[in-house]
Amino acid sequence: PNGVAMTRRDLEDTKNAYVDSARIAQSLGAHGIELHCAHGYLLDLFLWHESNIRPDEYGGDTLAERAAYPAEIIAAIRAATGPDFIISVRFSQWKEVDYGAKIAQHPDDLGPFLERMEQAGANVFHISARRFDAPGWPELDTRKSVAAWVKTMTDLPVMTIGSVGLST
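This write-up is about the structure you can find in this document. (Residues numbered from 1 in each chain as written. Predicted model: local features only at pLDDT ≥ 70, side-chain atom pairs only at ≥ 80, totals over all residues. Heavy atoms only, no water.)

This part covers the pattern of salt bridges. Here the structure, examined in full by the defined rule, presents eight salt bridges. Linking Arg 8 and Asp 56 is a salt bridge whose minimum nitrogen-to-oxygen distance equals 4.0 Å. Linking Arg 8 in helix 1 (residues 8–27) with Asp 56 in the loop between helix 2 (42–47) and helix 3 (63–66), this pair joins segments that are 48 residues apart in sequence. A residue is classified by how much of its surface remains accessible, and Arg 8, at 49% relative accessible area, is partly exposed. In this structure Asp 56 comes out as partly exposed when scored by relative accessible area, which is 22%. One salt bridge connects Asp 56 with Arg 54, and the closest N-O pair in it is separated by 2.7 Å. Residues participating in the shared-partner salt-bridge network are Arg 8, Arg 54, Asp 56 and Glu 57. (Salt bridge = Lys/Arg side-chain N within 4 Å of Asp/Glu carboxyl O. Helix = DSSP H or I, 4+ residues; strand = E, 2+ residues; numbered from the N terminus. Buried < 20%, exposed > 50% of the residue type's maximum accessible area, 1.4 Å probe, protein only.)

Next up, the structure:
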């Protein structure tokens, strides 16, 4: 594996930076923020089983377990900004290094993950799909996209994007 695992101090400092940024946005009149947990960025690395091999409470075998650090950040932002500040969570199945990657190997993996994000304080789920209209799990013989699966599992607003810049 490449990289170095974040230390406890790194984790705390980074979480505080997210909270400070949300507070600044709120003080400038923003009604919410989007926490980017997609596309190989830092928080996405915690979600994907191939990049999160931590042996501590921020790792784990399931997507919900690996979501501990993003959930901690969401909870800290919620505590700092209050109940009316919108927190959108953007996540993706695919990675720039692997278009076939999946943070959720099966739709059953999504429910506990979504519940953890919602309990932490998320208000919206924003799913980035390589192709927004493609089935999330074609092997299940269903045309449901990842966003459609998510919407069956939560009452929160769900939005999706995909196929941007793809001509074929």
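All right, on to unusual backbone geometry then. Positioned with a positive phi, His 39 is a non-glycine residue whose angle comes to about 60°. Turning to its location among the elements, His 39 is positioned in the loop between strand 1 (32–37) and helix 2. Using a relative accessible area of 13% as the deciding quantity, one classes His 39 as buried.

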